[in-house]
Amino acid sequence: VPRDAAPARQAARAVTASPAAASSTQEAVLVGLAGAGLGALAGSVVGLAMPAALVGAANGAISGSRRVYDWSSIKGVGAFALDSTWSLANTAAGLAAHALGAVRGEPGYVPALSERLNRHVYRRGFQPRKGFAITLGNVISGAGDVGKPRRVKLVTDHEDVHVWQARALGPLYPMLYVGWMAGGAAIGATAWLTVLRHERFTKVVESLAYYANPLEWWAYSRDDHWPPSAMIAGLGPKRPAVAAFAR
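Residues numbered from 1 in each chain as written. Predicted model: local features only at pLDDT ≥ 70, side-chain atom pairs only at ≥ 80, totals over all residues. Heavy atoms only, no water.

Participant: What is the right way to read the packing of helix 6 (residues 149-169) against helix 7 (residues 172-194) from this model?
Facilitator: If you want to describe how two helices pack, look at the angle between their axes and the distance between the axes. Orientation of helix 6 relative to helix 7, taken along the N-to-C sense of each, is 115°, at an axis distance of 7 Å. Contacts from H162, Q165, A166 and L169 of helix 6 reach helix 7 at L172, Y173 and L176. The class makeup of the residues in the contact of helix 6 with helix 7 is five nonpolar, two polar and no charged. (Axes fitted to C-alpha atoms, helices over the stretch in contact; angles between N-to-C directions. Helix = DSSP H or I, 4+ residues; strand = E, 2+ residues; numbered from the N terminus. Contact = heavy atoms within 4.5 Å. Nonpolar A, V, L, I, M, F, W, Y, C, P; charged D, E, K, R; others polar.)

Here's what the structure looks like:
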């Protein structure tokens, strides 16, 4: 990946070269081209240069037009480089979230929680479960009423953790997340059949498949919400995985 970071730095310099900021159209073009280049380099490793280039270009164009990446920081440039290379599979899932949210209608894009913050945030968008936010790649959907401080904190301290987990783990992220959910569901069903019949079946399964997932444990801990109130006591770690961002 370090070798691939050069096009990202070039895009950053080009985007910030104008006296003020480049127009959103200029940024969309420049970042789209840089994303295509990085995607092609990453995809060529597994013989998928063209599909990877298309994903990188689409993410770059959308993110550029919305001024999502913070080019003034290493974190922002790194986010773009990872989204266009190592985490490209997650970025593709994020593009699907954009599309599904648009099909649903009025996804409620939130610039205040997205611009130069290295992510896309929607009030509604793709939301499989009512009341729950969901993060796919660099896209957070279901943020809800962001006029409420709790919903803003959910985005900044919980869902954004998933954005960076995906960037750090790359293609391993969906495999680990879905793998845990499948295994946890099986263990939860067995636990309900054997020792937890007094609890609601769905609650037992959800506690082990979702809440006890190490990736969720980390995010809920960062959000200072561990253990979650909906989780059955004793079916997950007692203590937070890490310190909360804020108390």
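From this point, things continue past the structure.
Participant: Can you walk me through the nonpolar core in this structure?
Facilitator: When a protein is soluble and globular, its nonpolar side chains tend to lie buried together. Core analysis: the biggest nonpolar cluster contains 17 residues, and V204, M231 and L235 have the highest contact counts within it. Elements represented by at least two residues in this core include exactly helix 7, helix 8 (201-211) and helix 9 (214-222). Those residues in contact with V204, other than ones at most four positions away along the chain, are G188, A191, W192, L196, E199, I232 and L235. (Core = buried A, V, L, I, M, F, W, Y, C linked by side-chain atoms within 4.5 Å. Buried < 20%, exposed > 50% of the residue type's maximum accessible area, 1.4 Å probe, protein only.)

Participant: Sorry if this is basic, but what is going on with the pattern of salt bridges here?
Facilitator: According to the stated counting rule, one finds seven salt bridges in the structure shown. A salt bridge links D83 to R167; the nearest nitrogen and oxygen atoms lie 2.8 Å apart. Taken together, the positions of D83 in helix 4 (residues 74-83) and R167 in helix 6 put the pair 84 residues apart, joining distant regions of the chain. With respect to burial, D83 and R167 carry one shared label: buried. In this structure, the salt-bridge partner of R150 is D223, at a minimum N-O distance of 2.6 Å. Here R150, found in helix 6, pairs with D223, found in the segment after helix 9; they are 73 residues apart in sequence, far enough to count as distant. (Salt bridge = Lys/Arg side-chain N within 4 Å of Asp/Glu carboxyl O.)

Participant: Is there a simple way to think about a nonpolar patch on the surface in this case?
Facilitator: A contiguous nonpolar surface patch, about 400 Å² in accessible area, is contributed by W86, L172, M175 and L176. Within the fold, M175 resides in helix 7. On the basis of relative accessible area, M175 is assigned to the exposed category, the value being 52%. (Patch = residues over 30% accessible without salt bridge, like charges linked within 9 Å, V, L, I, M, F, W, Y side chains within 5 Å. Areas by Shrake-Rupley, 256 points an atom, 1.4 Å probe, with all protein chains shown as cover.)

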